[in-house]
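Overview (structure and organization)
Residue-level listing of the chains:
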Amino acid sequence: SSGINAEYGNADLIHIVTPGAKIVVMFRNPTDRLLSNYLFFHRGKAKHLTPKTFHTVAQQVINDFRQCLMERKLRNCCFTDKHLGEARLALGIYICFVTDWATLFNDSFLALTLNEYHSEPVKTLLKVYNHIGLSEPNVDELTEFVTSSQIKNSNDKVKRSFGNMLPETRELLDDFYRPYNEALAEYLGDSKYLFK
């Protein structure tokens, strides 16, 4: 609800119930995540989804979020639904959420990016196996499985008809997310979270 007290979140609850949990988080470029999320939740209106309408939506949700920041702290704006509009902009401000998980779970927290999974899926999966304490699989079999598996994305059809976001939309969103990505990269100690 819009009056949420963001002092405690899901990470706190899971830590209380399962303090020994192993947490694996995969981050995606927040600009790409926003478009994908927008297309997914509006796929029933696919004929009306255009790069231009998405640009207008992006401008509106950024304005609404900035208005929230004038009245509240960043954390409260990330955890409220008051300013959501037609796109879930705050979900890409990962620094709002990651600090809870990383602080509570410390060495039991593993952060990855979708880019590293796409470029080195076997290496990334081996990191996950190691992190959660599973015995390492046969690398040749894992490689065969990864290369033979087809990734299915329910957004593919909508994404194809939509095309690409406008360059000015990407610039607008990248500029919006940049300081939050910088904070995330500093917090996690790795420039890969700049999503460049």
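For clarity, every value in this text was computed on a predicted model and none was experimentally measured.

Parameters and conventions
- Per-chain numbering applies: the sequence of each chain, read as written, is numbered from 1 onward.
- The predicted origin of the model limits local features to residues at a pLDDT of at least 70 and limits the giving and counting of side-chain atom pairs to 80 or more, whereas totals for whole chains, interfaces and linings rest on all residues.
- Computation of side-chain values covers all heavy atoms of the structure but excludes hydrogens and water.
- Secondary structure elements follow DSSP: runs of H or I no shorter than four residues count as helices, runs of E no shorter than two count as strands, and numbering proceeds from the N terminus.
- The buried label applies to any residue whose accessible area, calculated with a 1.4 Å probe on protein chains only, is under 20% of its type's maximum; exposed applies above 50%, and partly exposed to all values in between.
- We call two residues contacting when some pair of their heavy atoms lies within 4.5 Å.
- Reported accessibility uses the Shrake-Rupley method at a 1.4 Å probe radius. Residues are deemed covered only where the shown protein chains occlude them.
- Axes, fitted as lines to C-alpha atoms, cover a helix only where it is in contact. Angles between the N-to-C directions of the axes lie from 0 to 180 degrees.
- Note that the term roughly parallel is reserved for angles under 35 degrees, roughly antiparallel for angles over 145, roughly perpendicular for angles of 65 to 115, and oblique for everything else.
- Amino acids are sorted into nonpolar (Ala, Val, Leu, Ile, Met, Phe, Trp, Tyr, Cys and Pro), charged (Asp, Glu, Lys and Arg) and polar (every other residue, Gly among them).
- Aromatic pairing here means that ring centres of Phe, Tyr or Trp (its six-membered ring) are within 6.5 Å. Orientation follows from the plane angle: under 30 degrees is stacked, over 60 is edge-to-face, and everything else is tilted.
- Salt bridges, as used here, are contacts in which a Lys or Arg side-chain nitrogen is within 4 Å of a carboxyl oxygen on Asp or Glu.

Some points on the overall build of the protein
Secondary structure summary: the protein contains 10 helices and two strands in total. The buried share of the protein, reckoned over its 196 residues, is 38%. Contacts in the protein between residues at least 24 apart in sequence constitute 71% of all its contacts with a sequence separation of at least 6. Put simply, the protein shows about 11900 Å² of open surface, and 52% of that area lies on carbon and sulfur atoms.

Focus: the packing of helix α2 (residues 30-41) against helix α10 (residues 167-188)
Axes are the key here: two packed helices are described by the angle between their axes and the distance separating the axes. Contact geometry of α2 with α10 gives a least axis separation of 9 Å together with a crossing angle of 125°. For the element pair α2 / α10, the angle class is oblique. Across the interface between the two elements, Pro30, Thr31, Asp32, Arg33 and Leu34 of α2 pack against Arg170, Leu173, Asp174, Tyr177 and Asn181 of α10. Split by residue class, the contact of α2 with α10 holds four nonpolar, two polar and four charged.

Digging into the packing of aromatic side chains
Enumeration according to the criterion identifies 12 aromatic pairs in this entry. With a centroid separation of 5.8 Å and 90° between ring planes, the pair formed by Phe65 and Phe176 is classed as edge-to-face. You can see Phe65 sitting in helix α3 (residues 51-71) and its partner Phe176 sitting in helix α10, a full 111 residues away along the chain. Taken as a pair, Phe65 and Phe176 share a single burial class, namely buried. With centroids separated by 5.5 Å and ring planes inclined at 55°, the aromatic side chains of Phe176 and Tyr180 adopt a geometry described as tilted. Taken together, the positions of Phe176 and Tyr180, both in helix α10 and four residues apart, correspond to about one turn of that helix. The burial state of Phe176 is the same as that of Tyr180; both residues are buried. Aromatic ring contacts, followed pair by pair, group Phe27, Tyr94, Tyr193 and Phe195 into a single cluster.

Section: the pattern of salt bridges
Per the stated rule, a full pass over the model turns up seven salt bridges. Between Arg170 and Asp32 there is a salt bridge, and its shortest N-O distance comes to 2.7 Å. Of this pair, Arg170 sits in helix α10 while Asp32 sits in helix α2, and the two are 138 residues apart along the sequence. Judged by its relative accessible area of 31%, Arg170 falls in the partly exposed class. Here the salt bridges share partners, and the residues they tie into one network are Glu116, Lys127, Asp190 and Lys192.

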